[in-house]
Amino acid sequence: MNKVQERSQEVLAIRNLHVSVGEAEIIKGLNLTVNPGEVHAIMGPNGSGKSTLVNALAGKPQYVVTKGEVLYEGMNLLAMLPEVRAREGVFLAFQYPLELPGVRTWQFLKSAVDAVRTHRSLKELSVREFDRLLTEKIKIAEIDSELTKRSLNEGFSGGEKKRNEILQMLVLDPKLALLDETDSGLDIDALKIVAQGVNQFRGPSKAIVLVTHYQRILNYITPDYVHVLMEGRIVKTGGRELALELEEKGYDWIREASGVARE
Amino acid sequence: MTQVLTKYDKYVTAFQSLERSQAAREPQWVRDIRQRALSRFSELGFPTARRGNENWKYTNVGPVANANFEYAFGASRDGEKAIELRGIAPWGQDWVNLVFLNGRYSEVLSTKPSSAYAARVTNLADAFLRDGEVLEKHLARHATFDDDGFTALNTSFLRDGAFIHIPEGESVQAPIHLIFIATGSDRPSASHPRTLIVTGKHSKATIIESYIALSPAPYFNNAVTEIVVGDQAQIEHYRLLLDNTEAFHIGTSQVYQGQDSKFTSTIFAKGAALGRNNIHVLLDAPGSSCVLNGLYMTSGTQHMDNYINIDHAKPHAFSRLNYKGILDGKSRAVFGGIVVVRPGAIKTDARQSDKNLLLSRDAEVNSKPSLLIFADDVKCGHGATAGHIDGDSIFYMRSRGLDIDTASRLLIYGFAREIIDTVQVEPLRVYLEKLFLGALPSFKLLFGERA
């Protein structure tokens, strides 16, 4: 097998990535490979760079990649505008979803789906087709369908906002889902709904990178890999059991073992 | 003093020729009002920001005062028939339309209601002769010209305009649309549109005023509208400033409200090089309530000034003011809102808000809502904001596949929508949606090269 073919099988290949926000370098030489069908959980202490990583992958303008490369399905992800990344199938579920006053959820989602479809040379959905799609996904995300008639996230509870992110993911049907602390601030019922949405989405052609502080969500979404991010680098990789170990022992033992200085 | 008079000579000359030419048919009281108004105008002149005149602090009407406008009332009406209203103004199948060219009624373009119609809708020149009783009681009684140069000037040229009288208990379903058209000419022209709306007890009506230009030539629109809202009456009033970007538009609406009456005013301002929208509401009886909505959108070097005065003269009255501005280019917006709560006006409930979205770094807004409270036991509040488009919101939308242009349009429209959605008249709302969506600038203009 030659190198190009091998690479094209990976959904995401990150090589020696460096990301700065303002003057500060946050990601300092990160490597990560994600294959189709895999769920990768990224854990780490506050300020280790978890959110920076997924925001940089989604193309947030303030997150400047200073070094390294990111291949998404063999393409140079970093050369794409954020909206092109989204149309190519990269989705970021925000840690803090924004409220968009006056922008109706329905209208917003329809515009987004049409933008994605147009990019893929597909016909825009008719209102009826879109409504059918939305109704189906609303059931999975267990969202009150009245909410889609309201302004996006405006006045939504924390849990509703997170479920709305899952709804958007299901409707847009990306290949790579980046979930930025989608479990934070959720009660156990909401957490189960979010997990159920992610598990519905999960499949042999999909890849998921799940950033989280707590191993709790991994009780519902079983990861293939757990990575520990510290000081902008992945310092340890393991399976599901690593998350449990972290919960029990904290991060200090890894810090010592991997020689990462304490901040 | 001599200097001042010289400056306004052209208005005096125009006035004199007007009096000579056509005044004979008009009742004496109309001529008297005009004469008094002209005298007052000669004393007042146009307002300036001098000597602590807060009402005009941020708006310089020097360009209006110094320009050499011709009185356009008698301008040629060639081509009148060819004017296609449906293309240039909002339109409803069942609407009653009164059309004015340069302030003068156009029989050809108007669709007056039949005689079976519940309300009297006609032009003022006609009403002078037939509706003397109602007119004498109300005309120039509400929009007084004692301390307002523009109203004095308008009243000096009080010759035609719109007259609407909804009798007691009558409910008029179809909106009444008053269309004021500036036809434009080689030389800058002035017109003084005038409207009187008198609504009886328990009556109901929807009235739209549109100000439209046929050409890009500069002109001066100096409009005055008086509205009397009878006891328990419900009046919806819309005012569309669709002047061209060379125009000067000074508009004053003076509203008088009776007991338990409801008045809704919605302003849409898009045109004019210099625009000023004065609204004065006198809540003169218990239980009266008014809701004043406004949306203004400026670009280039446009200047838009909203000056809203809500006078809570009696107890148990309610007022809401909600204005929003979208400013691009080097344009400037001024908002001055005063809520006055008179002594004894207990249980007043008043709230005013002015919010602005700045699309460029060179746009500027001076927003100054204020309260003057002379009574106890009242609920009053006000607020003003100005901000740019939120970059994080744009990124959020881009991360869902929308390009910057679409994302910014959705956000700007989302901002404007709160006002547009209040429009109760379906064809008007659709018209305004299109108008504002079509006028939205693209995000690339806002943040330059950052794409």
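Residues numbered from 1 in each chain as written. Chains lettered and ligands numbered in written order. Predicted model: local features only at pLDDT ≥ 70, side-chain atom pairs only at ≥ 80, totals over all residues. Heavy atoms only, no water.

### A closer look at the interface of chain B and chain A
So, point 1. Facing the 20 residues of chain B at the interface are 34 residues of chain A.
So, point 2. Both faces considered, chain B and chain A share a buried interface measuring about 2,100 Å² in area, 63% of it formed by carbon and sulfur atoms.
So, point 3. If you look at where chain B meets chain A, you find four salt bridges.
So, point 4. Applying the counting rule to chain B against chain A returns ten residue pairs in polar contact (both at pLDDT 80 or more).
So, point 5. Among the elements of the structure, helix H9 (391–398) and helix H10 (404–420) of chain B are those that each provide at least two residues to the side of chain B that touches chain A. (Contact = heavy atoms within 4.5 Å. Buried area = accessible area lost by both parts, 1.4 Å probe. Salt bridge = Lys/Arg side-chain N within 4 Å of Asp/Glu carboxyl O. Polar contact = N/O pair within 3.5 Å; in protein donor to acceptor, adjacent residues only side chain to side chain. Helix = DSSP H or I, 4+ residues; strand = E, 2+ residues; numbered from the N terminus.)

### Focus on the pattern of salt bridges
So, point 1. If you walk through the whole model with that rule in mind, you get 35 salt bridges over all chains.
So, point 2. Here Lys28(A) makes a salt bridge to Glu231(A), at a shortest N to O gap of 4.0 Å. Remark: Glu231(A) occurs in the loop between strand S11 (225–230) and strand S12 (233–238) and Lys28(A) occurs in strand S2 (residues 24–34); sequence separation between them is 203 residues.
So, point 3. The exposure class of Lys28(A) is partly exposed, given its relative accessible area of 26%.
So, point 4. One salt-bridge network, in which partners are shared between bridges, spans Lys112(B), Arg120(B), Asp126(B), Arg130(B) and Asp131(B). (Buried < 20%, exposed > 50% of the residue type's maximum accessible area, 1.4 Å probe, protein only.)

### Observations concerning H10(B)
Each α-helix turn comprises 3.6 residues. Residues three or four places apart therefore point the same way.
Residues and elements named next belong to chain B.
So, point 1. Across its 17 residues, H10 extends 23 Å between first and last C-alpha, which sits within 8% of the 24 Å expected from 1.5 Å per residue.
So, point 2. Along H10, the sharpest change in direction is near 30 degrees and occurs at Gly414.
So, point 3. The buried fraction of H10 amounts to 14 of the 17 residues, a majority that puts the element mostly inside the structure. (Expected span 1.5 Å × (residues − 1). Bend = angle between axes of the 7 residues up to and from the residue.)

### Quick notes on the environment of Ser145(A)
So, point 1. Along the chain, Ser145(A) falls in the loop between helix H5 (127–141) and strand S8 (151–152).
So, point 2. Taking relative accessible area as the criterion, Ser145(A) reaches 40% and is therefore assigned partly exposed.

### A short note on the nonpolar core
So, point 1. Core analysis: the largest hydrophobic core is formed by 125 residues, its most contacted members being Ile14(A), Leu100(A), Met169(A), Leu176(A), Phe268(B), Met397(B) and Leu428(B).
So, point 2. Examining the composition of this core, we find that nine residues originate from one element, H10(B), more than from any other.
So, point 3. Here this core gathers at least three residues from each of two domains, domain 1 (2–84 + 97–285) and domain 2 (390–451) of chain B.
So, point 4. Residue contacts for Met169(A): discarding those within four places in its chain leaves Phe91(A), Pro174(A), Ala177(A), Leu179(A), Gly197(A), Val198(A) and Phe201(A).
So, point 5. In this structure, Ala119(B), Val172(B), Leu241(B) and Leu327(B) belong to the second largest nonpolar core, which totals 50 residues. (Core = buried A, V, L, I, M, F, W, Y, C linked by side-chain atoms within 4.5 Å. Domains from an automatic or database assignment.)

### A few points about the side chain of Asp180(A)
Residue and element names in this part refer to chain A.
So, point 1. If you trace the backbone, Asp180 turns up in strand S9 (residues 176–180).
So, point 2. Of the side chains bearing the opposite charge, Lys50 lies closest to the buried Asp180, which forms no salt bridge; the N-O distance is 7.5 Å.
So, point 3. Among the polar contacts made by the side chain of Asp180, one reaches the side chain of Ser51 at a distance of 2.9 Å. (Lys, Arg positive; Asp, Glu negative; His and termini not counted.)

### Looking at helix H4 (residues 105–119) of chain A
So, point 1. Here H4(A) is 15 residues long and its end C-alpha atoms lie 21 Å apart, about the 21 Å a rise of 1.5 Å per residue gives.
So, point 2. Restricting attention to buried positions, one finds in H4(A) the residues Thr105(A), Phe108(A), Leu109(A), Lys110(A), Ala112(A), Val113(A), Asp114(A), Ala115(A) and Val116(A).
So, point 3. Where the residues of H4(A) are buried, they touch helix H3 (82–88), strand S7 (100–104), H5, S8 and helix H6 (158–172) of chain A together with H9 of chain B.
So, point 4. Backbone geometry just after H4(A) places Ser121(A) at a positive phi near 60 degrees.

### Topic: the packing of H9(B) against H10(B)
When two helices pack together, their arrangement is given by the angle between the helix axes and the distance between those axes.
All names here are of chain B.
So, point 1. Look at H9 against H10: their axes get within 9 Å of each other, and the N-to-C directions meet at 125 degrees. When the axes of H9 and H10 are compared, the pair comes out oblique. As H9 packs across H10, the resulting crossing turns out to be right-handed. Taking contact as the criterion, the partners of Ser393, Ile394, Met397 and Arg398 in H9 are, on H10, Ile404, Ala407, Ser408, Leu410 and Leu411. (Axes fitted to C-alpha atoms, helices over the stretch in contact; angles between N-to-C directions. Parallel < 35°, antiparallel > 145°, perpendicular 65-115°, else oblique. Left-handed = near helix turned anticlockwise from the far one by under 90°.)

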